[in-house]
Structure formats: structure tokens, C-alpha cells
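# Fold and contact review
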Amino acid sequence: MHITVNDDPFQLEAVSTVEQLVTRLGLDPNGLAVAINNNVLAKRLWPEHRLAPADAVQFFQLVTGG
Amino acid sequence: MLTIADKTFHSRLLLGSGKFASAALMQQAIVASETQLITLALKRVQLGKPQDDLLTPLRQLNIQLLPNTSGAKTAKEAILAAELARDALDTNWLKLEIHPDPRYLMPDPLETLLAAEQLVQRGFVVLPYCGADPVLCKRLEQAGCAAVMPLAAPIGSNLGLQTEAMLRIIIEQAGVPVIIDAGLGYPSHACAAMELGAAAVLINTAIATNHSPVSMANAFKLAVQAGRSAYEAGLSVQHLTAKASSPLTKFLASL
């Protein structure tokens, strides 16, 4: 299944939840947020939300800034 | 005490977390400043690169974290950034900033007001960065913003209170805290802002890019305290002629 992650093509071998994708990418969930097709997916839904073909997944993190 | 929405703060100095040379220096400056509110930004994760753990040390300092929407060019983008920040940080506090122009980083008043109205409806505690426009500040207050953050000068310019006349009107009319943001470069600028009656100031560049950020953080802390004390005491009346401080006796004339 093809999706994009932060605009780059990404291949998922099997059905995957957002939480599984976070783990696979080695991302620290602390301070992390995700938008799927430009809609924010709340962290509490990550374990159950299954990604669909062509989903555009974008991960954001908090950084320093004024 | 400074009250914003349902929270009170003994410090009237807000700090921006950008541009520090290292995380350790930022932490030391935060401690020296005695700030209780610090801003953060949001950006897309760069996959394959290690993520900096910014939050753990900040949470240990027990200060209110204030995510911003920097990078947003429209109300729509700012609302998405706000929702992301709320989920990432588990806070509904937000510094709303929308500045599409990269040269002067002037906040877009129309998009800012539009976004503020919608974010308040969505349950955010909105602190909007805005121009020093008394009408706009009143409209943002009426939209339900918890404070207004008019600029003193362009972001990072260190030019000081370029908008002083308008800031005086904003402060006089405000029913919410006025936090003067952007452009304050010297502790004397912050002191003057507090003497005007600002509820607080936000400093980033002037501290973070100084060669001694910890000393400068302390200097800004003292300046903010001095300015606030002066405001509470009431500033003395200015005169165009001298008013003698010593008794004017005639003994000198008799020599």
C-alpha cells in the first residue's frame, strides 16, 4: 500500500495503524502530532486508526521558537 | 500578579525559546529570567534525523508552555497548526501568529482576526501577535482573546518602542492583558514598556542572541520588575523648567 509521509512516497507492506507507523519510523511520540490528509488525528486515536491507500501523513514536532 | 485567562503568574517577562546557541544556555537563561511562560514553535519532522527532546527539560522547569503558529500564512494554516500544537503539547494555550511577509514579518490583521474568532470557538486560550493597532486589538479582545500581543518593532529588530503612541492607546483601552511583543532589544526598552502600563513583555532575540544570554536574561528580569514598580508607583510629572531639589538660600549671593 502506497502512502506519503511528509510528502515522500512510502510503502506499507501490511495494514498499519498510525501508532505502528510511528514505531516503525522510530519517532518519539513525546511532543509529536500527526495530520492525515490535512486533518489532525488526536493521539488517543493513533492505536486504532488504520491508514488507507494514498493517505498523506504528516508528522510535526515542537521545536524552539519565539 | 499577572492573570491571563485562568492562570496567574508572578513574572511579567515572557521568553521565546528560539535562537539560543544550545539547550543548556536556554535552560540557564530561563532560570535567570524567572519567566513562567515560554513560547515554542512547530515544524515538520525531518525523517531520518534525530528529534531533539525539548520538552523534558522544559517540563522539569515547571513553566507554562506556549506553542505558536509561526510559519502559518493564512487563518486556515494557523488553525491546523493550533490543532497540531494542542495535540502535541496537551495544552489549549496558543500564541497566534500569522505573518506571510518574510522581510518584515508583519502580522496579517485580517487573517489573525479570522483565526482568533475560530480558535476561541474551538476552546483555545488565544494570545494573538498583532500590529500596534488599537482598533484591531479591541476587535481581538471582543473575539474572546485572552490577551493581545502588539508589536513594538519588527521581530528580532531590537529597535525598541517604535509604536509607543499606539501602544499607549491600546493599553488605555484594553480589557485584557497587553503583552508587548517583538522588537524590544534592550532592558531599557522593556522597562519603558512596563512603565507605559504593559501587563508583560515577550523577549527572545535580545536575550538568545546576546553573547551572554544568561546575564541578559537577568537584566531583562530586573528591568521588567523596575518598570512595573514604577508604573504601580505612578510616574512623576514632567516639567519644562527646573524645579529645585535643594533649598534656594541667599548665602552664596552674599559671598
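Up top is the structure.
Here is what the cut-offs are and how they apply
Residues numbered from 1 in each chain as written. Chains lettered and ligands numbered in written order. Predicted model: local features only at pLDDT ≥ 70, side-chain atom pairs only at ≥ 80, totals over all residues. Heavy atoms only, no water. Helix = DSSP H or I, 4+ residues; strand = E, 2+ residues; numbered from the N terminus. Buried < 20%, exposed > 50% of the residue type's maximum accessible area, 1.4 Å probe, protein only. Core = buried A, V, L, I, M, F, W, Y, C linked by side-chain atoms within 4.5 Å. Contact = heavy atoms within 4.5 Å. Salt bridge = Lys/Arg side-chain N within 4 Å of Asp/Glu carboxyl O. Axes fitted to C-alpha atoms, helices over the stretch in contact; angles between N-to-C directions. Parallel < 35°, antiparallel > 145°, perpendicular 65-115°, else oblique. Left-handed = near helix turned anticlockwise from the far one by under 90°. Polar contact = N/O pair within 3.5 Å; in protein donor to acceptor, adjacent residues only side chain to side chain. Arc of directions from axis to C-beta. Pairing = 2+ DSSP bridges.

Okay, the overall build of chain A next. Secondary structure assignment for chain A yields 1 helix and 5 strands. Walking chain A from its N terminus toward its C terminus, one meets helices and strands in the order β-β-α-β-β-β. Considering only C-alpha atoms, chain A reaches an extent of 40 × 25 × 20 Å along its principal axes. Within the span of chain A, comprising 66 residues, buried residues form 44% of the whole.

One finds Leu96, Leu119, Ile180, Val201 and Ile207 of chain B to be the most contacted residues of the largest nonpolar core, which totals 68 residues. Considering every element that reaches this core, the biggest residue donor is helix α3 (residues 75–89) of chain B, with 8 residues. Here Ile180 of chain B is in contact with Pro150, Ala152, Leu161, Leu167, Ala193, Ala198, Ala200, Val201 and Leu202 of chain B, once residues within four sequence places are set aside. Of all hydrophobic cores here, the second largest spans 17 residues; its members include Phe10, Val18, Val22 and Trp46 of chain A.

Before going further, it helps to examine the pattern of salt bridges. Residue and element names in this part refer to chain B. This model, assessed by the stated rule, comprises 10 salt bridges over all chains. Between Glu97 and Lys95 there is a salt bridge whose closest N-O contact spans 3.4 Å. Residues Glu97 and Lys95 agree in their burial class; the two are buried. Because the salt bridges share partners, they merge into one network encompassing Glu83, Arg86 and Arg122.

What follows concerns the packing of helix α5 (residues 134–142) of chain B against helix α6 (residues 164–173) of chain B. Residues and elements named next belong to chain B. Packing of α5 against α6 leaves a shortest axis separation of 9 Å and a crossing angle of 30°. Looking at the two axes, α5 sits roughly parallel to α6. In this structure, α5 crosses over α6, and the sense of that crossing is right-handed. On α6, the residues touching Pro134, Cys137, Lys138 and Glu141 of α5 are Met166, Ile169, Ile170 and Gln173.

Turning next to the environment of Asn204 of chain B. Checked against the element boundaries, Asn204 of chain B lands in the loop between β10 (200–203) and α8 (205–208). Of the residues examined, Asn204 of chain B reaches a relative accessible area of 12% and is grouped as buried. Placed 148 residues apart in sequence, Asn204 of chain B and Thr56 of chain B show a C-alpha to C-alpha distance of 20 Å. For Asn204 of chain B, the contacting residues outside a window of four places in its chain are Gly65 and Gly66 of chain A together with Gly16, Ser17 and Gly18 of chain B. A distance of 3.3 Å separates the side chain of Asn204 of chain B from the backbone nitrogen of Gly66 of chain A, its partner in a polar contact. Here Gly18 of chain B takes part through its backbone oxygen, which lies 2.7 Å from a polar atom of the side chain of Asn204 of chain B.

The next point concerns α6 of chain B. Residue and element names in this part refer to chain B. Along α6, the positions that sit buried rather than exposed are Leu167, Ile170 and Ile171. For α6, the angular spread of buried residues about the axis comes to 95°, placing them on one side. Buried residues along α6 sit in contact with α5, β8 (149–150), β9 (179–181) and α7 (187–196).

Here the focus is the pairing of strand β3 (residues 32–36) of chain A. Residues and elements named next belong to chain A. Burial runs high along β3: 5 of the 5 residues are buried. Alternating positions in β3 separate into two faces, Leu32, Val34 and Ile36 on one and Ala33 and Ala35 on the other, with burial throughout. Of the pairings in the sheet, the one linking β3 to strand β5 (residues 56–64) comprises 5 bridges and is antiparallel in character. Its bridge partner being in β5, Ile36 is matched across the sheet by Val57. Sheet analysis places β3 next to strand β4 (residues 39–41), joined by 3 bridges and oriented antiparallel. When the bridges of β4 are listed, Val34 appears paired with Leu41. Taking the residues that link successive antiparallel strands as the turn, the β3-β4 hairpin has 2 residues, and the phi of Asn37 there is positive, at about 50°.

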